Each structure stands twice: as structure tokens, then as C-alpha cells.
Amino acid sequence: MKFVLLPIFFVMNAWAAEPAQEVSLPKEASEALKKWNGKFEPFKRAEYPPFIQKYIPSRSPALVSADFNGDQISDFAVFGSLGPKDQAIVAILSDKKNSKKWTTVVVQEFAIDDIKNSDVPADDKTEKGIPSYLEIGQGEAADRYKRIHKKDLIQSEAYGGSIDLYAIEGSKALRVRGK
């Protein structure tokens, strides 16, 4: 199996005090993402405000990896840009029956002008950068969902704002909590 490096950072153990490292997606997963939309560019760690980088010290705030489709193989969710005004969260899903087959599911699309220069409140000041980041679903609702459905949720969080949870059901993403 070949791997392709993407310009984003990730460490499997999010609690580790290690510096963030580059992520490698299986070649087929990277190809599936490019096939979905060749303009998609994952957000880089440096595009986030410093306090979000400190809050999530060992991986990119724009990427999480967990079993989102219930096949017991790690999948990915990536937050990135489709152009100057358009952003998306995309799940890249493994296929237990065919390790070379990966599919993409659009989780959420945004239209925020100049998201990389957003004003993000940080304690007693404001910092510039991307205000939203990804997590593996957390909290009581996510824990209950995982117990019942045997898969993880994707959590999209705007710093100091909304938290949305998404489930992957077949070829669709369903919001299970949030606006």
C-alpha cells in the first residue's frame, strides 16, 4: 500500500505532548479526495489562531481519524477550503471489503468570506485565524451513539460557539446534534 503526504498535521494520540507530525493518508484515500474535488485544500495548522494550536497541541485542528462508518478501520474527516469563500468538511471512508476503495462524503459546506482572517476571541484579546476545528465526537450524546451504532461521530466546533455532531449513514452525513 502506498501513502501520500498531505500538508496537514496529525498524531494518533491527541493527548501526547509531542509536536504535531505530518499525516499520511493511504494513496487511495488521497485520490478519492482529489477525485471528489481537485480544488479542495486542507487547512494548515499555521492558519489557526495560536490559542487553538495550543488547545490542540499534537495534531491539526482540521483533521480527525476514527471509525466513522463502522467497519472497524480508521477513516478521516478533513476541514478545508474549496476557494476564497467556500469551505467543506469531508469524510474519507474506508471499505472493509476492498482496502484500495475509499469514498468521500460531504459532511458540511460553508461559505465564509476570508475564513483564515476571522476574528476569534481569545481570553481578553482577539486573534486572527480559522475559528472552527474538528474533534472525534465527545460527550454523552456521542458516547451513547457509539455504544448503539458501533461507530464514531464527527464533531465540528466553532471556538466559543456551536458544536455540531455528524453521523455517517451510507453515503450521507446526518447532523445528530447542533443547529
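Report on the accompanying structure. (Residues numbered from 1 in each chain as written. Predicted model: local features only at pLDDT ≥ 70, side-chain atom pairs only at ≥ 80, totals over all residues. Heavy atoms only, no water.)

1. Side note on the overall build of the protein chain
Thinking step 1. From N to C terminus, the protein chain includes three helices and 13 strands.
Thinking step 2. Sorting the 179 residues of the protein chain into buried and exposed places 46% on the buried side.
Thinking step 3. Pairs at least 24 residues apart make up 50% of the contacts formed inside the protein chain by residues separated by at least 6 positions.
Thinking step 4. Carbon and sulfur atoms form 51% of the exposed surface of the protein chain, whose accessible area is close to 9700 Å². (Helix = DSSP H or I, 4+ residues; strand = E, 2+ residues; numbered from the N terminus. Buried < 20%, exposed > 50% of the residue type's maximum accessible area, 1.4 Å probe, protein only. Contact = heavy atoms within 4.5 Å. Areas by Shrake-Rupley, 256 points an atom, 1.4 Å probe, with all protein chains shown as cover.)

2. A word on the sheet that holds strand 13 (residues 172-177)
Thinking step 1. Strand order across the open sheet formed by four strands is 10-11-12-13, with antiparallel pairing between neighbours. The open sheet has two edge strands with one neighbour each: strand 10 (132-136) and strand 13. Recorded for the sheet is a direction-independent mean angle of 30° between the axes of neighbouring strands.
Thinking step 2. Strand direction decides the pairing type here: strand 10 and strand 11 (residues 154-158), joined by five bridges, are antiparallel. (Pairing = 2+ DSSP bridges. Axes fitted to C-alpha atoms, helices over the stretch in contact; angles between N-to-C directions.)

3. Regarding the pattern of salt bridges
Thinking step 1. If you walk through the whole model with that rule in mind, you get ten salt bridges.
Thinking step 2. K27 is the partner of E31 in a salt bridge, and the nearest nitrogen-oxygen pair spans 3.8 Å. Highlighted residues: E31 and K27, both in helix 1 (residues 27-36), separated by four residues, approximately one helical turn.
Thinking step 3. Residue E31 is classed as partly exposed on the basis of its relative accessible area, which comes to 42%.
Thinking step 4. A relative accessible area of 29% means that K27 is categorised as partly exposed.
Thinking step 5. Here K116 and E47 are joined by a salt bridge, their closest N and O atoms 2.9 Å apart. Of this pair, K116 sits in the loop between strand 7 (103-111) and strand 8 (119-122) while E47 sits in the loop between strand 3 (41-42) and helix 2 (50-55); the two residues are 69 residues apart in sequence, bridging distant segments of the chain.
Thinking step 6. Overall, K116 belongs to the partly exposed group, its relative accessible area being 36%.
Thinking step 7. The class for E47 is buried, based on a relative accessible area of 18%. (Salt bridge = Lys/Arg side-chain N within 4 Å of Asp/Glu carboxyl O.)

4. Digging into the nonpolar core
Thinking step 1. Counting residues in hydrophobic clusters, the biggest one holds 26 residues, and the most contacted among them are Y48, F68, F79, I154 and I168.
Thinking step 2. Counting residues per element, the ones that place at least two in this core are helix 2, strand 4 (63-66), strand 5 (75-81), strand 6 (86-93), strand 7, strand 8, strand 10 and strand 12 (163-169).
Thinking step 3. Not counting residues up to four positions away in its chain, the partners in contact with Y48 are F43, Q53, P61, A62, F79, I130, S132 and Y133.
Thinking step 4. Among the nonpolar cores identified, the runner-up in size contains 13 residues, and L33, V90, I92 and W102 belong to it. (Core = buried A, V, L, I, M, F, W, Y, C linked by side-chain atoms within 4.5 Å.)

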